[in-house]
Amino acid sequence: MDLLDSMQVYVLAVEKGSLSAAAAASGISATMAGNHLRKLEQRLGMQLLHRTTRRQHLTALGEDYYARCKEILSLVAESDKQAQNLQLAPAGKLRISAPVTFGTEALIPALSVYLARYPEVSVDVSLSDRVVDLAEEGLEAAIRIGELLDSALIAKPLAPYRLMICASPDYLARRGTPSQPEELSQHECLSFSPAALASWRLQGADGASRIPVSGRVQVNHGPALRVAALHGLGIVLQPAILLEADVQAGRLVRLFPDHQLPVRPMSVVYLPDRYRSPKLRSFVDFLVERFASP
């Protein structure tokens, strides 16, 4: 006899109050149910149930063994479910969060490929630059830029977030093109806030330099800063994914291409228990494939 089958019959006998009820629930005869119980008792060398014609009750060992059998059967059922999930096609609604600029410029365009690959999945994207609480807000994954705080989240690295310094041809015609990073302090520089505008750090052949910069325009939105730069309001420091197309089209001019700018780590994070979901697993794998870390 299969040990797990015997455990299942024993658990049903305890929960339903009799071997005959356990037999009916299992679709076997009462004699077979009794054989399962005897097999367990012989294996253990001790009695699990005291039975009379009117009632049954657990022995001390039987009570402890019942709890262990429940735990084992639950683990087996969960393992079977996980194995079945691995074979299921991703389906259902996937709720994710991403930073505004990355989400707009990189993630949303990439979704056409992901959704074509998994036609049974729909995606609800929340764009926000704040750090969201996945469990509290019912999100399955989030893309984070910057160093991660210690948490219970699982993180997988994506390609680092690169920055670029640009200005419009019109602005450079009026104010001149800076040839050295130190000249930035004489220009109008655009940024999110005065704190973010305090200084820009560049790495050249002669080493790193931190240049104090200032400007009369601050906007708390990356795409809006791009528009400000396109209209000649100043020099902008923003993610490369936001500015590269304008540079290629000649609408913006990249400054200091021989200098390195700080890069920021980027990751996709999710709760450990959610990764069993085929739709989340497929999405995380897609992000790692599409935005692979070098």
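Figured I'd write up the structure that's included with this text. Please read all numbers here as calculations on a predicted model, not as lab measurements.

1. Some points on the pairing of strand 7 (residues 163-167)
A large share of strand 7 lies buried, amounting to five of its five residues. Here strand 7 shows no split at all, with Leu163, Ile165 and Ala167 on one side and Met164 and Cys166 on the other all buried. Note: strand 7 against strand 11 (residues 235-239), four bridges, orientation antiparallel. When the bridges of strand 11 are listed, methionine 164 appears paired with glutamine 238. Judged from the two bridges that link them, strand 7 and strand 12 (residues 253-254) form a sheet pairing that is antiparallel. Residue pairing across strands places cysteine 166 opposite arginine 254, the latter belonging to strand 12.

2. Details of the sheet that holds strand 6 (residues 154-161)
Taking strand neighbours across the sheet as the criterion, the five strands line up as 4-3-5-13-6 in an open arrangement whose pairing is mixed. Looking at the sheet topology across the chains shown, the edges are occupied by strand 4 (121-127) and strand 6. Geometrically, the sheet is characterised by an average inter-axis angle of 20° between neighbouring strands, direction not taken into account. For strand 3 (residues 92-98) and strand 5 (residues 141-145), the ladder comprises two bridges, and the chain directions are parallel. Looking across to strand 5, one finds that serine 97 is bridged to alanine 142. Sheet strands touched by helix 11 (residues 278-290): strand 3, strand 4, strand 5, strand 6 and strand 13 (264-270). Its angle to strand 3, the strand with the most contacts, is close to 45°.

3. Points about the packing of helix 9 (residues 222-230) against helix 10 (residues 240-249)
Between two packed helices, both the angle of their axes relative to each other and the distance between the axes serve to describe the pair. For the pair helix 9 and helix 10, interaxial distance at closest approach is 10 Å and the crossing angle is 25°. Between helix 9 and helix 10, the angle is such that the two are roughly parallel. In the packing of helix 9 onto helix 10, the handedness of the crossing is right-handed. Counted together, Gly222, Pro223, Arg226 and Leu230 of helix 9 and Leu242, Leu243 and Asp246 of helix 10 form the full contact between these two elements. In the contact of helix 9 with helix 10, the residues fall into four nonpolar, one polar and two charged.

4. Considering the nonpolar core
Among the nonpolar cores identified, the biggest contains 24 residues, and Phe102, Leu107, Ile143, Phe283 and Leu287 are the most heavily contacted of them. When contributions to this core are tallied by element, the ones reaching two or more residues are strand 3, helix 5 (100-117), strand 5, strand 6, strand 13 and helix 11. Examining the composition of this core, we find that six residues originate from one element, helix 5, more than from any other. Those residues in contact with leucine 107, other than ones at most four positions away along the chain, are Ile96, Ala98, Phe102, Val125, Ile143, Phe283, Leu287 and Phe291.

5. A few points about a nonpolar patch on the surface
A contiguous nonpolar patch, built from Leu4, Ile72 and Val76 and spanning about 190 Å² of accessible area, is present on the exposed surface. Looking at where valine 76 falls in the secondary structure, it is placed in helix 4 (residues 60-87).

6. Let's talk about the layout of surface pockets
Taken as a whole, the largest pocket spans an internal volume of roughly 920 Å³. Along its surface, the largest pocket is lined by 38 residues, and Asp129, Ile145, Gly146, Tyr161 and Arg264 are the ones closest to its centre. Going through the elements one at a time, strand 3, helix 5, strand 5, strand 6, strand 9 (199-204), strand 11 and strand 13 are the ones with two or more residues in the lining of the largest pocket. Here the lining of the largest pocket takes four residues from strand 5, the largest share from any one element. By residue class, the composition of the lining of the largest pocket is 23 nonpolar, eight polar and seven charged. Taken as a whole, the second largest pocket encloses approximately 200 Å³ of empty space. Residue lining of the second largest pocket: Phe102, Ala106, Ala159, Pro160, Tyr161, Arg162, Ala240, Ile241, Glu244, Met266 and Phe291, and that is the complete set. Per-class residue counts for the lining of the second largest pocket are nine nonpolar, no polar and two charged.

Reading guide: rules and limits
- Residues numbered from 1 in each chain as written.
- Predicted model: local features only at pLDDT ≥ 70, side-chain atom pairs only at ≥ 80, totals over all residues.
- Heavy atoms only, no water.
- Buried < 20%, exposed > 50% of the residue type's maximum accessible area, 1.4 Å probe, protein only.
- Helix = DSSP H or I, 4+ residues; strand = E, 2+ residues; numbered from the N terminus.
- Pairing = 2+ DSSP bridges.
- Axes fitted to C-alpha atoms, helices over the stretch in contact; angles between N-to-C directions.
- Contact = heavy atoms within 4.5 Å.
- Parallel < 35°, antiparallel > 145°, perpendicular 65-115°, else oblique.
- Left-handed = near helix turned anticlockwise from the far one by under 90°.
- Nonpolar A, V, L, I, M, F, W, Y, C, P; charged D, E, K, R; others polar.
- Core = buried A, V, L, I, M, F, W, Y, C linked by side-chain atoms within 4.5 Å.
- Patch = residues over 30% accessible without salt bridge, like charges linked within 9 Å, V, L, I, M, F, W, Y side chains within 5 Å.
- Areas by Shrake-Rupley, 256 points an atom, 1.4 Å probe, with all protein chains shown as cover.
- Salt bridge = Lys/Arg side-chain N within 4 Å of Asp/Glu carboxyl O.
- 1 Å grid on protein atoms, 1.4 Å probe; cavity = no way out; pocket = protein on both sides within 12 Å on 5 of 7 lines; lining within 4 Å.
- Points joined across faces, edges and corners; volume = space filled by probe spheres on them.

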